Amino acid sequence: MTKAMGLISGGLDSILAAKVILEQGIEVVGVSFVTPFFGSQGAVRAAQSLSIPLHILDITEIHLEMLRRPKHGYGSNMNPCIDCHCLMLREAGRVMDTEGGDFLFTGEVLGQRPMSQNKGSLHVVERESGYEGRVLRPLSAKLLPETLPEQSGKVDRERLLSIQGRSRKRQMELAERYHIKAYLTPAGGCLLTDPGFSRRLADLFHHQDDVQIRDLELLKIGRHLRFSPAVKVIVGRHAQDNEGIVRLVAPGDDLLKVEAFPGPLCLIPNGGSMDDIKKAASICVRYSDAPVDEMVSVLWSRNGAEKRISVRSCPPSLPAELMI
Ligand code: SF4
């Protein structure tokens, strides 16, 4: 029996691509990926609804290495989609080499994304993945060169599709036909397409060579204010951010909180100077319910030792000036 490995993101296109292949009586195994920027929850739901097995691969390390210097650059944010697709196909191909399979497929649609899904990029992705000729895009296959599984008759090209462009009309019709109701929006699960997150990530890469998973997790929390090349402050925006800060605080960090009034937690990852701490404390007061024109007591802790410092709120314009 012919067997295919499909990249399943949980988005509609990857689900439709799997449907088109399954309809030909081909065995389909899904592959999905996890990094700090996207997860596999959508893919798990999709695989369940498609009744196919799913491999979940954690590619954090190699993805981060690629992300710092993507050969084909970034999209409109920090999304290196061409390199990311190459990497994912390469890793899915490894699974195929190990457990057997005839070809790889994806839900890519010709012309849907101007930079990463034009004819040239689709070919580059296929070639650089190391699986040239064995990467099928079922939704646009009739508009693309014939692949090896089509040439050998393992896949019936006539039953593949010819969707192209940014309109989602055809996909919506197919979703209706296949009764597909739950799926992620295109790129919906990837933080690298988010402008705010991308700004913080670019700032991190610019100021820090050795980036750890915790640094990336912190990017998902709060407002980020840059004090100097070595020091930034993270200010919680709500209870969930404050819980995240508590979960991620590490030895050597400075943690600040207004003592007698409700307000955010402020974190200086890897600690700052006394001037930095006082400035962060004044910002902490600004975002709290404490009076702006009085000295306010702020609890400052580092490595489990707690002290009190008294500061006044910073000028209202300061947070915006420092915001990343
Ligand atoms: S949107 Fe994100 S997950 Fe998707 S290819 Fe681009 S970088 Fe990779």
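Everything in this summary refers to the structure shown in the same document. Bear in mind that the values here come from a model prediction, so they are computed numbers and not experimental data. (Residues numbered from 1 in each chain as written. Predicted model: local features only at pLDDT ≥ 70, side-chain atom pairs only at ≥ 80, totals over all residues.)

1. Topic: the overall build of the protein chain
Alright, step 1. On a plain count of helices and strands, the protein chain comes out with twelve helices and eleven strands.
Alright, step 2. With respect to the principal axes defined by its C-alpha atoms, the protein chain has extents near 80 × 35 × 30 Å.
Alright, step 3. In the protein chain, which comprises 324 residues, the proportion classed as buried is 43%.
Alright, step 4. Expressed as a percentage of contacts within the protein chain between residues at least 6 apart in sequence, the contacts between residues at least 24 apart total 61%. (Helix = DSSP H or I, 4+ residues; strand = E, 2+ residues; numbered from the N terminus. Buried ≥ 20, exposed ≤ 12 C-beta atoms within 10 Å, placed from the backbone. Contact = placed C-beta atoms within 7 Å.)

2. Some details on the pairing of strand β1 (residues 3–7)
Alright, step 1. Counting buried residues along β1, four of its five residues qualify, which places the element largely inside the surrounding structure.
Alright, step 2. As judged from the five bridges shared by β1 and strand β2 (residues 27–34), these two strands associate in the parallel manner. When the bridges of β2 are listed, Leu 7 appears paired with Val 31.
Alright, step 3. In terms of handedness, the path from β1 via helix α1 (residues 12–22) over to β2 forms a crossover that is right-handed. (Pairing = 2+ DSSP bridges. Right-handed = clockwise from strand over helix to strand, strands pointing away.)

3. Let's talk about the sheet that holds strand β5 (residues 135–136)
Alright, step 1. Strand order in the open sheet formed by five strands is β3-β2-β1-β4-β5, with parallel pairing between adjacent strands. Each of the sheet's edge strands pairs with one partner strand only, and the pair in question is β3 (54–58) and β5.
Alright, step 2. Looking at chain direction, β2 and β3 are connected through five bridges and run parallel. Within the sheet, the bridge partner assigned to Val 31 lies in β3 and is His 55.
Alright, step 3. With respect to the sheet, α1 is in contact with β1, β2 and β4 (103–105), its orientation differing from that of β1 by roughly 170°. (Axes fitted to C-alpha atoms, helices over the stretch in contact; angles between N-to-C directions.)

4. Here's the deal with the pairing of strand β8 (residues 254–258)
Alright, step 1. Counting buried positions along β8 gives four out of five residues, so the element sits mostly inside the fold.
Alright, step 2. Strand direction decides the pairing type here: β8 and strand β9 (residues 265–268), joined by four bridges, are antiparallel. Within the sheet, the bridge partner assigned to Lys 257 lies in β9 and is Leu 265.

5. Re the sheet that holds β9
Alright, step 1. The sheet built from six strands is open, its strands ordered β6-β7-β9-β8-β10-β11 with antiparallel pairing. Each edge of the open sheet is held by one strand with a lone partner, namely β6 (223–228) and β11 (305–311). Neighbour to neighbour, the strand axes of the sheet diverge by 25° on average, direction disregarded.
Alright, step 2. Across the face of the sheet, helix α11 (residues 274–286) comes into contact with β6, β7 (231–235), β8, β9, β10 (296–302) and β11 while running at roughly 35° to β8.

6. Notes on the environment of Ile 213
Alright, step 1. With respect to the secondary-structure elements, Ile 213 resides in helix α9 (residues 213–218).
Alright, step 2. The spacing of Ile 213 and Thr 60 is 153 residues in sequence and 8.6 Å in space, taken between C-alpha atoms.
Alright, step 3. Once residues lying within four places of it in the same chain are set aside, the contact partners of Ile 213 are Pro 36 and Thr 60.

7. Observations regarding the packing of α1 against helix α7 (residues 169–178)
Alright, step 1. α7 packs onto α1 with a crossing angle of 60° between their chain directions and a minimal axis gap of 11 Å. By the angle between their axes, α1 is oblique relative to α7. Like other packed secondary-structure pairs, α1 and α7 cross with a definite hand, here left-handed. Here Leu 12, Asp 13, Leu 16 and Lys 19 of α1 lie close against α7, whose contacting residues are Gln 171, Leu 174, Ala 175 and Tyr 178.
Alright, step 2. Here the residues of the contact of α1 with α7 are counted per class, giving five nonpolar, one polar and two charged. (Parallel < 35°, antiparallel > 145°, perpendicular 65-115°, else oblique. Left-handed = near helix turned anticlockwise from the far one by under 90°. Nonpolar A, V, L, I, M, F, W, Y, C, P; charged D, E, K, R; others polar.)

8. A short note on helix α4 (residues 81–99)
Alright, step 1. The end-to-end C-alpha distance of α4 is 27 Å, a good match for the 27 Å that 19 residues give at a rise of 1.5 Å each.
Alright, step 2. Contacts from the buried residues of α4 go to β1, β2, α3 (60–68), β4, α5 (119–129) and β5.
Alright, step 3. Positive backbone phi, at 90°, marks Gly 100, one or two positions downstream of α4. (Expected span 1.5 Å × (residues − 1).)

9. Description of the nonpolar core
Alright, step 1. Residues Ile 21, Leu 89, Ala 92 and Leu 104 are the most contacted members of the largest nonpolar core, which totals 47 residues.
Alright, step 2. Of all the secondary structure elements, the ones that give two or more residues to this core are β1, α1, β2, α2 (41–50), α4, β4, α5 and β5.
Alright, step 3. For this core, the element with the most residues is α4, which contributes nine residues.
Alright, step 4. Counting residues in each nonpolar core, the second largest holds 35 residues, with Met 78, Ile 234, Ile 245 and Ala 281 among its members. (Core = buried A, V, L, I, M, F, W, Y, C linked by C-beta atoms within 7 Å.)

10. Regarding the packing of α4 against α5
Alright, step 1. For the pair α4 and α5, interaxial distance at closest approach is 8 Å and the crossing angle is 40°. The orientation of α4 relative to α5 falls into the category oblique. The element α4 and its partner α5 pack so that their crossing is right-handed. On the side of α4, the interface is formed by Ile 82, His 85, Cys 86, Leu 89, Arg 90 and Gly 93, while α5 contributes Ser 121, Val 124, Val 125, Glu 128 and Ser 129.

11. Structural notes on unusual backbone geometry
Alright, step 1. A positive phi is found at Ser 51, a non-glycine position, where the angle reads about 55°.
Alright, step 2. As for its placement among the helices and strands, Ser 51 is situated in the loop between α2 and β3.
Alright, step 3. You can call Ser 51 exposed: it has 8 C-beta atoms within 10 Å.
Alright, step 4. The backbone phi angle of His 179 is positive, close to 60°, even though this residue is not glycine.
Alright, step 5. By secondary structure assignment, the location of His 179 is in the loop between α7 and α8 (195–207).
Alright, step 6. Residue His 179 is classed as exposed on the basis of its 7 C-beta neighbours within 10 Å.

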